[in-house]
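In case you want the letters, here they are:
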Amino acid sequence: MQIKKDETNHPEELVDLVNEKDEVIGQITRKNLYKTPDAIHRSVRVLIYDKDGQILFQQRSFKKQIMPGYWTLSAAGHVPSGVNPKIAAEKELKEELGFPTPIDFFAKSFDSHEGRRFFAYIFTGKYSGETLKPNKDEVEQVKFLNQKQIDKLVSSGEMFFNVALKNAQDFWNKAHRF
């Protein structure tokens, strides 16, 4: 039996190009995506929270090409071409943190960062004591953080992905009162 090679997380992975209405208009490789300034694609973010409302943040690996060492939500990534965003989010969570948990759609936003434009599908899931096994190629470290701890890290010079902070604040303000 031949084992299928994982075709994600490499420069030749195909992602869907979408228009401003999030309608698929073509495909592009990840490598070319970052060379095409007007390209719009889809991404996912997963926000895992615990019983106290703290959010699991990951510090991106210092090996990453984009934003090495930055803190972001629990898991994140591109949506491969033709893949449902929820499936992509579940895969990113398992790939980056080593555990599955049920996730629910939380929000969709249109974001831009360093010239990249994308629709972000944000999902939430509750942490129930699963063993965290961060993928060292993807993640330096993980921490459950509340708002005061984030403020302290930001004031100490730690770098956070701004939209991750906005998503966390939206979660704390709108979705859950702890």
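Predicted model only: the values in this text are computed from it and were never measured.

Rules and cut-offs
- For every chain, the first residue of the written sequence is number 1, and numbering continues from 1 along that sequence.
- Residues qualify for local features only when their pLDDT is at least 70, as the model is predicted, and side-chain atom pairs are given and counted only at 80 or more; totals for whole chains, interfaces and linings, by contrast, use all residues.
- Note that water and hydrogens are dropped before the side-chain values are worked out from all heavy atoms of the structure.
- For two strands to be treated as a pair, DSSP must find at least two bridges joining them.
- Strands here mean DSSP runs of E at least two residues long; helices mean DSSP runs of H or I at least four residues long; both are numbered from the N terminus.
- Definition used in this section: a nonpolar core is a set of buried Ala, Val, Leu, Ile, Met, Phe, Trp, Tyr and Cys residues joined via side-chain atoms within 4.5 Å.
- For each residue, the accessible area found with a 1.4 Å probe, counting protein chains only, is set against the maximum for its type, and the residue is called buried under 20%, exposed over 50%, and partly exposed in between.
- Throughout, a residue-residue contact means that at least one pair of heavy atoms, one from each residue, lies within 4.5 Å.
- Contacts described as polar in this section are N or O atom pairs within 3.5 Å, which, within protein, must combine one atom able to donate a hydrogen with one able to accept it, while residues neighboring in sequence count only if both atoms come from side chains.

J.: Quick question: what am I supposed to make of the pairing of strand 2 (residues 24-29) here?
T.: Remember that side chains alternate between the two faces of the sheet whenever the strand is regular. The pairing of strand 1 (residues 14-18) with strand 2 spans 5 bridges and is antiparallel. Bridge pairing links Asp 16 to Gln 27 in strand 2. In this antiparallel pair of consecutive strands, strand 1 and strand 2, the connection spans 5 residues, and Asp 22 shows a positive phi of 65 degrees.

J.: What exactly am I supposed to notice about the nonpolar core here?
T.: The tendency in soluble globular proteins is for nonpolar side chains to be buried as a group. Counting 20 residues, the largest nonpolar core has Ile 55, Phe 57 and Phe 160 as its most contacted members. Every element with two or more residues in this core is listed here: strand 3 (40-49), strand 4 (55-60), strand 8 (116-126), helix 3 (147-155) and helix 4 (162-175). Examining the composition of this core, we find that 5 residues originate from one element, helix 4, more than from any other. Apart from the residues within four sequence positions on either side, Phe 160 is in contact with Phe 57, Tyr 70, Trp 71, Leu 145, Ile 150, Leu 153, Val 154 and Leu 165. Val 44, Ile 48, Tyr 121 and Phe 123 belong to the second-largest nonpolar core, a separate cluster that totals 18 residues.

J.: Help me out: how do you make sense of the environment of Leu 33 in this one?
T.: Tracing the chain through its elements places Leu 33 in helix 1 (residues 30-33). Along the sequence, Leu 33 and Leu 17 sit 16 residues apart, while their C-alpha atoms lie 8.7 Å from each other. Non-local contacts of Leu 33, meaning those with residues more than four positions away in its chain, are made with Val 15, Leu 17, Ile 28, Ala 39, His 41 and His 78.

J.: Where do I start with helix 3 in this structure?
T.: For an α-helix the count is 3.6 residues per turn, leaving residues at separations of three or four pointing the same way. Capping of helix 3 at its N-terminal end is provided by Asn 146; its side-chain oxygen lies 3.1 Å from the backbone amide nitrogen of Lys 148. Of the residues flanking the end of helix 3, it is Gly 157, one or two places downstream, whose phi is positive at about 105 degrees.

J.: Any chance you could explain unusual backbone geometry here in plain terms?
T.: Glycine aside, negative phi is the norm for most residues, and most peptide bonds take the trans geometry. Positive phi, close to 65 degrees, is recorded for Asp 22, a residue that is not glycine. Tracing the chain through its elements places Asp 22 in the loop between strand 1 and strand 2. For Met 67, which is not glycine, the phi dihedral falls at a positive 55 degrees.

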